[in-house]
Amino acid sequence: MNTRGLLDQLLKSGQDMLQKKAGDPRKPNDKGALDGLLGGGGLGSLLGGAGGGALAAGAMGLLLGNKKARKFGGKALTYGGLAALGVIAYKAYGNWQAQQANAPQGEPQTIDRLPSAQVEQHSQGILKALVAAAKADGHVDERERALIEGEFTKLDNDRELQNWLHAELNKPLDPADVARAAATPEMAAEMYVASVMLVDEENFMEKAYLDELARQLKLDLGLKAELEKQVRQATL
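Predicted, not measured: the structure shown is a model, and the values here were computed from it.

This next bit is on the environment of Lys-207. Topologically, Lys-207 is positioned in helix H10 (residues 204–216). Residue classification places Lys-207 among the partly exposed positions, given a relative accessible area of 27%. Each C-alpha atom, one on Lys-207 and one on Asp-137, is 9.5 Å from the other, the two residues being 70 residues apart in sequence. Beyond its immediate sequence surroundings of up to four residues, Lys-207 is in contact with Val-199, Asp-200 and Glu-201.

Let's shift gears to the packing of helix H4 (residues 83–99) against helix H9 (residues 185–198). One can describe the packing of H4 onto H9 by two numbers: an axis separation of 9 Å at closest approach and a directional angle of 115°. Note that H4 runs across H9; the crossing there is right-handed. Facing H4, whose interface residues are Leu-85, Ile-88, Ala-89 and Tyr-93, H9 presents Pro-185, Glu-186, Ala-189, Glu-190, Val-193, Ala-194 and Met-197. Its residues placed into classes, the contact of H4 with H9 shows nine nonpolar, no polar and two charged.

An ideal rise of 1.5 Å per residue puts 18 Å on 13 residues; H10 measures up with 18 Å between its terminal C-alpha atoms. Of the residues one or two after H10, Lys-218 is the one with positive phi, at around 60°.

Calculation rules
Residues numbered from 1 in each chain as written. Predicted model: local features only at pLDDT ≥ 70, side-chain atom pairs only at ≥ 80, totals over all residues. Heavy atoms only, no water. Helix = DSSP H or I, 4+ residues; strand = E, 2+ residues; numbered from the N terminus. Buried < 20%, exposed > 50% of the residue type's maximum accessible area, 1.4 Å probe, protein only. Contact = heavy atoms within 4.5 Å. Axes fitted to C-alpha atoms, helices over the stretch in contact; angles between N-to-C directions. Left-handed = near helix turned anticlockwise from the far one by under 90°. Nonpolar A, V, L, I, M, F, W, Y, C, P; charged D, E, K, R; others polar. Expected span 1.5 Å × (residues − 1).

Okay, structure coming up:
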């Protein structure tokens, strides 16, 4: 599967489309501009537009829902693309290492510092975390799953990837299953960063999911707090 290319396209296109609609990148949460992108709450308008960027933004908007897409838009504008998650995780992991005498030492091998084969593995884990986070408030119903799969089909004709996405969208939400994709501590950190960026911590169901995911990822409490801090700082 070429998860890396699809995930990077999704993240970057969400950023680019929001910037173009908002006009002023310093005001990413402009309601009028974002309502224009998201069709004022209608799913149908997300399916319009020409070009990969429009399709990817549509897929991202469908995946996240209107409320989350607005929230994610502001955060995505700070950086761009897949490397952004690695940058945040790298800084948080490094700060945590410096504070903990018994923490694993050595330079964190986050997604922005890895060879291609390992980047693909990390990408699969991050996309799995994103899909699960999108389902954390129960908003992805059967109709929306079909629309999301349709948009991903337009973006990428990789049958294996499409089958994988179908399975992920349709399986019950399970933080333990998500966490099993984390092959390294750095990968766990990246998956948690992606989840924090998407989950509304003011929503009880979503906050409970996030806490359980951190537990299943076996994140040290200090590292968990540092990852959350870095996401907040990156989105000011």
